[in-house]
Amino acid sequence: MNSLRRTLLHRPAKKIFARLFASNNNSNARVGIVGVPFEKGQRNSGVSRGPGVLRAGGIVQDLLSFGCDVKDYGDVDYKVEQPGTQVNNMLEYDDFASCMEKVSSTVKQVLSEGRLCLSLGGDHSMGVGTIDGHYQAKGDLAVLWVDAHADINTNATSPTGNLHGMPVALLVKELADYWPYLPGMDWQMPKLSIKNIAYIGLRSVDEYESLILEKFGVTAFSMEDVEQYGVHEVTRRALEAINPHGDRSLHVSFDIDSLDPIEAPSTGTAERGGLSLREGVHIMETVFASGTLGAMDLVEVNPGIGSERDVKITVEAARQVVRAGFGYKRRGMRPLLAQEIPGLIVKNSSQSEIN
Ligand SMILES: [Mn+2]
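Cut-offs and rules
- Residues numbered from 1 in each chain as written.
- Predicted model: local features only at pLDDT ≥ 70, side-chain atom pairs only at ≥ 80, totals over all residues.
- Heavy atoms only, no water.
- Donors = N, O, S within 2.8 Å, 3.2 Å for Na, K, Ca; no water.
- Helix = DSSP H or I, 4+ residues; strand = E, 2+ residues; numbered from the N terminus.
- Buried < 20%, exposed > 50% of the residue type's maximum accessible area, 1.4 Å probe, protein only.
- Phe/Tyr/Trp six-rings, centres within 6.5 Å; stacked < 30°, edge-to-face > 60°.
- Lys NZ or Arg CZ within 6 Å of the ring centre and 35° of its normal.
- pLDDT = per-residue confidence, 0-100.
- Contact = heavy atoms within 4.5 Å.
- Axes fitted to C-alpha atoms, helices over the stretch in contact; angles between N-to-C directions.
- Parallel < 35°, antiparallel > 145°, perpendicular 65-115°, else oblique.
- Left-handed = near helix turned anticlockwise from the far one by under 90°.
- Nonpolar A, V, L, I, M, F, W, Y, C, P; charged D, E, K, R; others polar.
- Core = buried A, V, L, I, M, F, W, Y, C linked by side-chain atoms within 4.5 Å.

1. Focus on the coordination of the manganese ion
Around the manganese ion, the donor atoms from the protein are Asp 147 (OD), His 149 (ND1), Asp 255 (OD), Asp 257 (OD) and Asp 257 (OD), and they sit 2.2 to 2.7 Å away. Sequence spacing of the donors to the manganese ion: D-x1-H-x105-D-x1-D. With His 149 in the loop between β4 (141-146) and α7 (167-171) and Asp 255 in strand β7 (residues 249-255), this pair connects stretches of sequence that are 106 residues apart. Accessibility assignment for this pair places His 149 and Asp 255 in one class, buried.

Below you can see the structure in the form of C-alpha cells.
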C-alpha cells in the first residue's frame, strides 16, 4: 500500500488522472468564430465594436480553456454592391444587403469546414446572414431565438424602419409574400419554416408581431412562461417543438437583451424584467446537452452604452452564455490531458485581440 502510494505521489497529477479517467467531460468542440461588426440595422453607434470587446474580454480563451479547438475567421468585411438602393421603411438597406451576403457565405464556409460557428455581433439584423449561411450548409434547420423582442416585423409593420427588428420575417417562407421585391437580396431565399422557430424571453412585442405569432401558432415562450414553467421546462419544450427527432441542425440566435438589464446593461434596446444570467446559462447548457447545436449568434453587445462597469459585466455575461453553449459546466471541468490541449488558428491576426 505504502509503495503504491509513493509511486502515485511521484507521478505528475496529470498522469495520475489520465489513468483514473479513461474519458473526461471536456468539450472537444471544433469552433469557428466570425465577427460581424455591423450596426446599421439600428441607430445606436457602438454595437459594431461588439466583436472586438468580446474577443478582448476573453471569449476565445474561455473556449480554449476547456478543450475547444478554435479557429478565428476574423471580421466580415464587405463593400456595398448597389449603393443608393432603397426600399421603403428599411433603413441602410444597401449596406445590409451587401454585408449579409458576406456573412452568409462566411458562416457557410465555417460549417462546411466541419466547425460549429459562433458569430459575434453586431446588431441582430445579422441573423439574416448567419441563419441563411447555416441553412445553405446544413439544410432544414431548427432556430431558437432568445430575445426580449420577436424581430418579426416586415417593412410594412415596423414602427421604426430599423432592420434589426425584421430578420425573422425575412427568413421564414410563410411571410415571403408580405415583402416587396428586395433588390440585391436574390442570394437570400426565405426557406426556413416558421414552425421550426421558437422564442424564449419575449417581453416587448409589437402589435403586428403579436398578430403574426398568433396567426402562425409560433412556439413563443415569453417571460411569464419562464415564470410559470421554469427555464428548464421552457427550453425543453422549445427544443421538442422545433426539433422533435433531434435531426435538424440547431441555430441559437442569442440577443444579449434577453437578459435583464441588471445583468447586461450595455445594449441598445434594453427591457427590464428579463432573464437572469443563470437562466441564460441554463438555456445554453441545455442546448449543448442536446448535441444538436450547429451555430450560435451572440448579438447586440454595445460597448458605447453605459459606464465602463456596465460594459464589463455585459461582456462577462456574454462570455458565460457562450461558454455554456460550447460545453462549459458550472460544476467544473476536468484537467485537459496533454493530447487535448487545443490549438488556436487565427485567420486574420490584425482583427484579433489575441495572440
Ligand atoms: Mn432584442
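Now that the structure has been shown, we can carry on.
2. Some words on the packing of aromatic side chains
Given two aromatic rings, one states the distance between the centres and the angle between the planes to describe the pair. If you walk through the whole model with that rule in mind, you get two aromatic pairs. Above the face of the Phe 216 ring, Lys 215 is positioned so that its terminal group lies 5.3 Å from the ring centre. Residue placement shows Arg 323 over the ring face of Tyr 328; its charged tip is 3.9 Å from the ring centre.

3. Details of unusual backbone geometry
The step from Gly 121 to Gly 122 runs through a cis peptide bond, and the omega angle for that step is 15°. Looking at where Gly 122 falls in the secondary structure, it is placed in the loop between β3 (116-121) and α6 (127-138). Although it is not a glycine, Asn 28 adopts a positive phi angle of roughly 60°. Looking at the element boundaries, Asn 28 is found in the loop between α2 (13-20) and β1 (30-36). If you check the backbone angles, Glu 92 has positive phi at about 55° while not being a glycine.

4. Side note on the confidence of the model for the chain
Detailed reading of the predicted model is not advised wherever pLDDT is low. The pLDDT averaged across the chain works out to 92; a share of 91% of its residues lies at or above 70. Scored below 50 in pLDDT, residues 349-355 makes 15 contacts in the model with residues more than four places away or belonging to other chains.

5. Some points on the packing of helix α11 (residues 277-290) against helix α12 (residues 308-325)
Axis angle and axis distance: for two packed helices, these are the angle between their axes and the distance between the axes, and together they describe the pair. It is the contact of α11 with α12, at a shortest axis distance of 7 Å, that shows an interaxial angle of 20°. The angle between α11 and α12 places the two elements in the roughly parallel class. Where α11 crosses over α12, the handedness of that crossing is right-handed. Touching Leu 277, Gly 280, Val 281, Met 284, Glu 285 and Phe 288 of α11 are Ala 317, Gln 320, Val 321, Ala 324 and Gly 325, all from α12. The residue inventory of the contact of α11 with α12, partitioned by class, reads seven nonpolar, three polar and one charged.

6. Some details on the nonpolar core
Formed by 50 residues in total, the largest nonpolar core has its most connected members in Leu 63, Leu 144, Val 252, Met 296, Leu 298 and Phe 326. Looking at this core, the element that brings in the most residues is α12, giving seven residues. Sequence-distant contacts of Leu 63, that is, excluding residues within four places in its chain, are made with Val 31, Ile 33, Cys 68, Val 70, Leu 118, Val 322, Arg 323 and Phe 326. Formed by 48 residues, the second largest nonpolar core is a distinct cluster that contains Val 34, Tyr 199, Leu 202 and Ala 295.

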